[in-house]
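Summary of structural features
Letter by letter, the chains look like this.
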Amino acid sequence: MTRKTVLIAGASRGIGLEFARQYAIQGWKVYAGVRTPAKATELLRVKGVEVLPLDVTSANSIAGAAWHADEDPLNLLIVCAGLYGPETTSFLAPGDADFDAVMRTNVLGPMRVIQAFADSVIGARGTIAVISSEMGSISGARGSKGLLYRASKAAVNMVAKCAANEYGPRGATVVTLHPGWVKTDMGGPNAEIEAYDSVVGMRGVLERVGPAENGGYFNYDGTPITW
Ligand SMILES: NC(=O)c1ccc[n+]([C@@H]2O[C@H](COP(=O)([O-])OP(=O)(O)OC[C@H]3O[C@@H](n4cnc5c(N)ncnc54)[C@H](OP(=O)(O)O)[C@@H]3O)[C@@H](O)[C@H]2O)c1
């Protein structure tokens with residue numbers, strides 16, 4: 001059996017780091033994209049991972065990573081980098097700097113990363129997983145907590161859907177995933193699940209999905225989420 005290849009965009013900490021760890025243990029070839037490789041100390045200790053400079057807010061950096069990871073078609077692309085931004089609890093419009101940082105990281109970044117690696121994924125008839133959030137579900141939204149983050153995740157959900165419409169017919173499967181409420185720097189210590197369990201769940205989902213699930217939005221345990 002040929003060795004499978006995955007590229008993770010945003011693998012220095014949290015869920016992305018855990019994806020890198022688990023796919024490396026499974027024997028996959030792992031490209032772990034991080035914006036500051038020297039600072040990704042935990043990742044650098046993971047055996048069998050190739051660490052690549054990849055800042056999702058920089059078109060040049062994405063192009064460089066795509067050039068670097070050109071050797072093998074990607075069976076899996078995981079777009080995981082994310083930024084929460086202001087921890088608002090009511091309807092408070094963000095300032096320009098917060099808006100730009102969150103939208104560039106959570107929306108423009110995934111657009112560019114998906115575009116840069118799509119042909120490689122299509123070549124492998126592989127899968128693109130966008131790590132979004134249930135906070136991007138419009139039908140499921142209650143209250144206005146984390147207004148900017150929610151807006152960014154609703155936007156990236158549409159990015160994933162458009163990617164599914166475009167690349168699905170060409171052989172890729174594109175899915176949007178909610179990782180659960182996970183104990184990471186973003187999720188905080190009171191979150192419900194460990195990164196290990198979230199990633200075990202999402203790996204299971206990613207193993208099962210194919211063309212019939214193209215354009216789907218799933219919880220980490222595989223339950224569909226309404227848009
Ligand atoms: N944790 C949760 O409960 C939860 C729930 C729903 C959805 N999510 C989503 O899951 C994904 C991962 O979240 P997490 O909990 O692992 O967050 P985290 O612990 O805060 O880690 C965020 C990751 O994104 C990376 N990143 C941020 N900006 C980047 C950029 N410009 N280029 C490359 N990488 C960048 C960070 O790298 P640096 O180390 O360089 O900052 C870090 O590796 C995010 O998309 C998040 O929205 C998380």
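Looking at an unreviewed UniProt entry, one finds the chain named SDR family NAD(P)-dependent oxidoreductase and attributed to Niveibacterium microcysteis.

This brings us to the environment of lysine 29. Following the sequence through the fold, lysine 29 ends up in strand β2 (residues 29–34). Judged by relative accessible area, which is 17%, lysine 29 ranks as buried. Counting along the chain gives 46 residues from lysine 29 to asparagine 75, while the straight-line C-alpha distance between them is 9.9 Å. Looking at lysine 29, its side chain comes within polar contact range of the side chain of tyrosine 31, at 3.3 Å.

All right, on to the site of the ligand then. Lining the immediate environment of the ligand, one finds 28 residues, of which Ser12, Arg13, Tyr149, Val182 and Thr184 sit closest. At 3.5 Å from an oxygen atom of the ligand is found a main-chain nitrogen or oxygen belonging to aspartate 185. Within the complex, 93% of the 900 Å² of free accessible area of the ligand lies under protein. When contributions to the shell around the ligand are tallied by element, the ones reaching two or more residues are α1 (14–25) and α5 (147–167).

With that settled, consider the sheet that holds strand β7 (residues 217–219). Here we have seven strands laid out as an open sheet, ordered β3-β2-β1-β4-β5-β6-β7, and parallel in their pairing. What marks the edges here is a single partner per strand, and that holds for β3 (49–53) and β7. Recorded for the sheet is a direction-independent mean angle of 20° between the axes of neighbouring strands. Along the sheet face, helix α3 (residues 59–68) touches β2 and β3 and points at about 150° away from the line of β3. Set on the sheet, helix α4 (residues 96–123) makes contact with β1 (5–9), β4 (76–79) and β5 (127–131); between it and β4 the angle comes to about 175°.

This brings us to the nonpolar core. Ranked by size, the top nonpolar core spans 34 residues in total, and within it Leu7, Leu77, Val113, Ile114 and Phe117 carry the most contacts. Of all elements in the fold, only β1, α3, β4, α4, β5 and α5 reach the threshold of two or more residues within this core. No other element matches the nine residues that α4 contributes to this core. Excluding residues within four positions of it along the chain, phenylalanine 117 makes contact with Leu7, Ala65, Ala66, Ala69, Leu74 and Leu77.

Rules and cut-offs
Residues numbered from 1 in each chain as written. Predicted model: local features only at pLDDT ≥ 70, side-chain atom pairs only at ≥ 80, totals over all residues. Heavy atoms only, no water. Helix = DSSP H or I, 4+ residues; strand = E, 2+ residues; numbered from the N terminus. Buried < 20%, exposed > 50% of the residue type's maximum accessible area, 1.4 Å probe, protein only. Polar contact = N/O pair within 3.5 Å; in protein donor to acceptor, adjacent residues only side chain to side chain. Near = heavy atom within 4 Å. Areas by Shrake-Rupley, 256 points an atom, 1.4 Å probe, with all protein chains shown as cover. Pairing = 2+ DSSP bridges. Axes fitted to C-alpha atoms, helices over the stretch in contact; angles between N-to-C directions. Contact = heavy atoms within 4.5 Å. Core = buried A, V, L, I, M, F, W, Y, C linked by side-chain atoms within 4.5 Å.

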